[in-house]
Amino acid sequence: MKICVLVKEVPDAAVEKRMDSNTMRLDRSGEKNLNPFDTHAIEAAMQIKEGLSDGTVDEVVAVTMGPESSVRALHKAVSLGADRSVQLTDDSLAGSDVCASGYALGQVLKRESPDLVLLGQQSDDGECYTMGAVVADHLQMPSLTQVIQIEVSDNKLRCERQAEYGYDTVEVELPAVISVGDAINEPRYPSLKAIMGAKKKPLDAKATGDVGIDGGMVGESGSKTSVLALNPPPAKEAGEIIEDEDTNETVEKIVAWLDERKLI
């Protein structure tokens, strides 16, 4: 069995998110890191590999699409346990929306022929929950989202997923694309040895032409959506401070304030 894990380079959580008014895209000039939601997908892959001690899982492959700097996200993924990595990087991919990105990643994955594709439930920058479904559509594989438990047996997955009201238990045949929720596990910390050895593990850099990507289906021209305008969020109104000079009167004011806004 081969497991591919989709990972993404995103602005570091400590960096203030800014939009570039010229390109209408997220400003990615600051410090970047591996998407934290994808660390749960890597951990899920490792737990499946370690749980099937008979060697059923041949390898775990980290796959990303991004600029040249995204290699650092792959190094982090490898330090967390992936056996090797694949980087799709090409200037023509810049400005791709989720549909174009899903198509491009699907072309890479077709060359890998994975039995299972794992990814985090969302990205920390675009907050997009739909990448797994888009990739699955291009691969013609079944897809599940918000999965918080995975059991593998007889070429099938038995998954528990978070639903709007409670949980669903779903059985799906492999190959499949699974988006895992952050409640599925607690990602491990990479060892110093793993961090130092990450750069020595195989990394396969691909351009669009290497994986048969149609240039007209990626980038801004190949995207199905576009940003027309950027508007800053409305400024927050100043809060009301109620001094506690008389407790009964203070309580009455608070209750009246909540009642006026239909909060009680």
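These notes cover the structure that comes with them. (Residues numbered from 1 in each chain as written. Predicted model: local features only at pLDDT ≥ 70, side-chain atom pairs only at ≥ 80, totals over all residues. Heavy atoms only, no water.)

Regarding its fold elements, the protein presents 7 helices and 13 strands. Dimensions along the principal axes, computed over C-alpha positions, put the protein at roughly 70 × 45 × 40 Å. Put simply, 71% of the contacts in the protein that link residues at least 6 apart link residues at least 24 apart. As displayed, the protein offers around 15100 Å² of accessible surface, 49% of which is attributable to carbon and sulfur atoms. Placing the 27 positive and 46 negative side-chain charges of the protein at their respective mean positions leaves the two points 8 Å apart. (Helix = DSSP H or I, 4+ residues; strand = E, 2+ residues; numbered from the N terminus. Contact = heavy atoms within 4.5 Å. Areas by Shrake-Rupley, 256 points an atom, 1.4 Å probe, with all protein chains shown as cover. Lys, Arg positive; Asp, Glu negative; His and termini not counted. Charge placed at Lys NZ, Arg CZ, Asp CG, Glu CD.)

This part takes up helix H7 (residues 247-260). Helical geometry note: an α-helix holds 3.6 residues per turn, so side chains three or four residues apart project in the same direction. Taking 1.5 Å per residue as the helical rise, H7 with its 14 residues ought to reach 20 Å, and the 20 Å between its terminal C-alpha atoms agrees with that figure. Just downstream of H7, Lys-262 is the residue with a positive phi angle, here 55°. (Expected span 1.5 Å × (residues − 1).)

A surface patch of nonpolar side chains, about 470 Å² in accessible area, is lined by Val-251, Val-255, Trp-257, Leu-263 and Ile-264. Secondary-structure assignment places Trp-257 in helix H7. Here Trp-257 falls in the partly exposed class, since its relative accessible area comes to 32%. (Patch = residues over 30% accessible without salt bridge, like charges linked within 9 Å, V, L, I, M, F, W, Y side chains within 5 Å. Salt bridge = Lys/Arg side-chain N within 4 Å of Asp/Glu carboxyl O. Buried < 20%, exposed > 50% of the residue type's maximum accessible area, 1.4 Å probe, protein only.)

Before going further, it helps to examine the environment of Ser-123. Within the secondary structure, Ser-123 is located in the loop between strand E8 (116-120) and helix H4 (131-139). For the pair Ser-123 and Val-135, spaced 12 residues apart in sequence, the C-alpha separation works out to 15 Å. In this structure, Ser-123 is in contact with Lys-8, Asn-35, Phe-37 and Cys-128, ignoring residues within four places of it in sequence. Side chain to side chain, Ser-123 and Asp-125 meet in a polar contact 2.9 Å long. (Polar contact = N/O pair within 3.5 Å; in protein donor to acceptor, adjacent residues only side chain to side chain.)

Once that is clear, we can look at the side chain of Thr-208. Along the chain, Thr-208 turns up in the loop between strand E13 (203-206) and helix H6 (219-222). Among all residues touching Thr-208, those that are not within four sequence positions of it are Leu-88, Asp-90, Ser-92, Leu-93 and Ile-213.

When you line up the elements, Asp-125 lands in the loop between E8 and H4. Judged by its relative accessible area of 16%, Asp-125 is buried. Sequence spacing of Asp-125 and Leu-26 is 99 residues, and the spatial spacing of their C-alpha atoms is 8.1 Å. Those residues in contact with Asp-125 that lie beyond four places of it in its chain are Lys-8, Glu-9, Val-10, Pro-11, Leu-26 and Arg-28. Only 3.1 Å separates the side chain of Asp-125 from the side chain of Lys-8, close enough to count as a polar contact.

Honestly, that's just the spatial picture; any functional story needs more than this.
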